[in-house]
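# A look at the structure
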Amino acid sequence: MPIRKNLDSNASVPPRIKELQKKIADESYIMNAVDRIATVVSRQLIERQSFPCRHTEMIIQ
């Protein structure tokens, strides 16, 4: 996915934005981020299936 360049190349871009642009341009960074998100979501889904009453009680209260 190409990064869209600003039309005004003289505009000052904060260092944090530059850092994030480099990261999202790195395919391995994106793949690792997707894997991490999938791991966290999967773990949360498994926990909900293991303890369904806990979440139901929280909603009722």
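Residues numbered from 1 in each chain as written. Predicted model: local features only at pLDDT ≥ 70, side-chain atom pairs only at ≥ 80, totals over all residues. Heavy atoms only, no water.

### Digging into the pattern of salt bridges
- Scanning the entire structure with this criterion turns up two salt bridges.
- Across the pair R16 and E19 runs a salt bridge, and its minimum N-O distance is 3.3 Å. Of this pair, R16 and E19 both sit in helix α1 (residues 15-25), separated by three residues, roughly a single helical turn.
- The exposure class assigned to R16 is partly exposed, which follows from its relative accessible area of 49%.
- For E19, the salt bridge identified is with K23, shortest N-O distance 3.5 Å. Pair noted here: E19 and K23 are both in helix α1, with a separation of four residues, about one helical turn.
- For E19, a relative accessible area of 37% gives the class partly exposed. (Salt bridge = Lys/Arg side-chain N within 4 Å of Asp/Glu carboxyl O. Helix = DSSP H or I, 4+ residues; strand = E, 2+ residues; numbered from the N terminus. Buried < 20%, exposed > 50% of the residue type's maximum accessible area, 1.4 Å probe, protein only.)

### Here's the deal with the confidence of the model for the protein
- Here the protein shows a mean pLDDT of 81. Residues at 70 or above account for 67%.
- Model confidence for the protein, summarised as mean pLDDT per element, is weakest for helix α3 (residues 52-60) at 54 and strongest for α1 at 96. (pLDDT = per-residue confidence, 0-100.)

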